[in-house]
Amino acid sequence: MMCNLVVIDTAPNKSLSPPLVPLSFCCIYCRVNRERDILLPKQYIHLLLSLNFHIVYMADSAPLLSHHDQSVELRQPRSLDETIERCIGDFGWSQFLQAALVSFAWVFDAQQTFISVFTDAEPSWHCTQVEHQSSACNSLSNICQLSKNSWSWDWPTHTSIISEWGLECSTSFITGLPASSFFMGCLAGGLALATLADSTLGRKNMLLLSCLMMSLSSLLTVFSSNIWMYSALRLINGFGRATIGTCALVLSTELVGKRWRGQVGVIGFFCFTLGFLSLPIIAYINRGSSWRTLYLWISVPTIFYCILVRFLVHESPRWLFVRGRKEEAVSTLKSMAQANQSILTMSFSNVPIEPESWNVDLYSTVKILLNKRWAFRRLAAVMIAGFGIGMVYYGMPLGLGNLSFNIYLSVTFNALSELPSSLITFFLMGKLNRRGSLLGFTVLSGICSVLCVVIGQVWPGLQIGLELVSFFSACTAFNVELIYTLELFPTCVRNSAISIVRQALVFGGVFSPVLVAAGRKNGFLSYGVFGLAIGFCALPVLGLPETRGATMCDTMDEEEQKELEKAASDAHGIAAAMLA
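Rules used in this analysis
Residues numbered from 1 in each chain as written. Predicted model: local features only at pLDDT ≥ 70, side-chain atom pairs only at ≥ 80, totals over all residues. Heavy atoms only, no water. UniProt positions renumbered as here; feature names shortened; annotations may be inferred. Helix = DSSP H or I, 4+ residues; strand = E, 2+ residues; numbered from the N terminus. Buried < 20%, exposed > 50% of the residue type's maximum accessible area, 1.4 Å probe, protein only. Polar contact = N/O pair within 3.5 Å; in protein donor to acceptor, adjacent residues only side chain to side chain. Contact = heavy atoms within 4.5 Å. Phe/Tyr/Trp six-rings, centres within 6.5 Å; stacked < 30°, edge-to-face > 60°. Lys NZ or Arg CZ within 6 Å of the ring centre and 35° of its normal. Salt bridge = Lys/Arg side-chain N within 4 Å of Asp/Glu carboxyl O.

Identification of the protein chain as Organic cation/carnitine transporter 3 from Theobroma cacao is taken from an unreviewed UniProt entry. Among the UniProt annotations of the protein chain, the heading Subcellular location (unreviewed entry) holds the following wording: "Membrane".

Next up, the structure:
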């Protein structure tokens, strides 16, 4: 017999039918025969509320069920998503401050990613003497073929590693080694650290470890005495930096309700833009100072940020619950709760989720993603798309030196182009379909990148404009790609999935310096290849499901069940259409 109506008597002295009990008790009546089923103490009302019973407060002698003939079915136990939203609300100041503090890690991430644009740049130079009119020294000369006393750097030698260590005549492999080492470190760090946030360390501790490793290695870079030591420290720096963006994105979005996931995720993109934009400002302020000064500017604040994360940031309650640490999850929610904290434990008692039995070792999350057919299909599609996006996203800023434009202004314009990208993602993410948006922006970026080569040869003035449109589109596609991936995978593997996709983005960036170097002689080998890569790599996204407005699952079984239900619904729709 299903009982789903709770009656609380506020007029116990009146005669009601069926009879009501004193105020200190409440009754549960059965909708089938309208007879009293059981009596419960009043303090259990919160429990009944958490179970979604229908509450009726009686203050007169009206028949109990006379206006409740339409029965209210008892809902199934709510999901973890619904429970957390009930406890801490959909989105509040506490969640906003947590998300903003966590997302600020993207500022330091951007600074470490693009600092080599200035520290590893080849400074401008000038001729110091002209012996006679047939002298080979001019602005178009190769300085490696000139005598040392016939030219000089425009700035002090310590402004760049190229001028300080005399690398102006070294091979492209040597001069590009620090940047390549950084990206290789990102790949290694992503593979080694990706699953720690899902398995043992959690989101907060992984974010703290990554920021600390990145800041300390950046600080030690100041003491580099040669290109080899410098490259080794850049490798360690990239290794530590690899999971910062992933942990910050996942942790910030798991603290809010599903309606605000996209908008909160974009906070990190704003912070990344802020970090990117701060670089040309810092570099211009210190344009006559040592390149070591730039590393001090970006490493010391990161150390202070690590202290704030340690003491002010909460661990993800979703991750704690999925890992079976329910008491810690409840404690975290109590510190953020807007509602009555006494119902938190009762609410969690009805969540039908158990800790994943397969998630027992470091790489189990990767194994399950590869073994589950639907998960592997999704992962492969977003990884291929990420490779193309990463090639453009990391390659465009590195190729700015090939354009006939001021490097400080060109980097500033590229950084500023990320701002409208983040704004569009922030305000339209709730309205845009993920799949269609990702395809649209990648195709637009590819077209503009190719046109940058074709039209740039005819109208050089348009080249920087097309480059900015292409980079803007790649930035927006980058943002949408991460949010789309966030929604495609359940909580238990979400961090690992996003980490793997970010490694695909970085892997695309590994090839960018090589293409940029080749593009100095043939522009199509840089911007042309960029455009073709991002356009064609996005095509596998056509086979992915749309996730806008969908509820995030927490376990693989839950996601599989949703996949099966969708397949059955699609099959039923096709059959109905054929019969019609």
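Caption draft 1: Quick peek at the side chain of Asn-237. Here Asn-237 shows up in helix α10 (residues 227-241). Residue classification places Asn-237 among the buried residues on the basis of a relative accessible area of 1%. Here the side chain of Asn-237 touches Met-214 through a polar contact of 3.0 Å, landing on its backbone oxygen. In contact with Asn-237, not counting residues within four places along its chain, are Gln-112, Phe-182, Met-214, Ser-217 and Ser-218.

Caption draft 2: Spatial organisation of the packing of aromatic side chains. Per the counting criterion, the structure on display carries 28 aromatic pairs. Ring geometry for Tyr-393 versus Phe-471: centroids 5.6 Å apart, planes at 15 degrees, classification stacked. Of this pair, Tyr-393 sits in helix α18 (residues 373-398) while Phe-471 sits in helix α21 (residues 463-488), and the two are 78 residues apart along the sequence. The buried category is assigned to Tyr-393, whose relative accessible area is 2%. Each residue in the set Trp-106, Phe-114, Phe-182, Phe-183, Phe-272, Phe-276, Tyr-393, Tyr-394, Phe-471 and Phe-478 is aromatic and connected to the rest through ring pairs, giving one cluster. The residue whose ring lies beneath Arg-287 is Tyr-284, and the NZ or CZ to ring-centre distance is 4.0 Å.

Caption draft 3: Quick peek at the pattern of salt bridges. In total, this model carries nine salt bridges according to the counting rule given. The shortest N-O distance in the salt bridge between Glu-254 and Arg-203 comes to 2.9 Å. Of this pair, Glu-254 sits in the loop between α11 (244-253) and α12 (261-285) while Arg-203 is found in helix α9 (residues 202-221), placing the two residues 51 residues apart along the sequence. Owing to a relative accessible area of 0%, Glu-254 belongs among the buried residues under this scheme. Of the residues examined, Arg-203 reaches a relative accessible area of 0% and is grouped as buried. Note that Arg-494 and Glu-254 form a salt bridge whose closest N and O atoms lie 3.0 Å from each other. Here the residue Arg-494 occupies a position in helix α22 (residues 491-518), and Glu-254 occupies one in the loop between α11 and α12, the gap between them amounting to 240 residues. Pair check on accessibility: Arg-494 and Glu-254 agree, each one buried. One connected set of salt bridges, linked through shared partners, spans Asp-109, Arg-241 and Arg-502.

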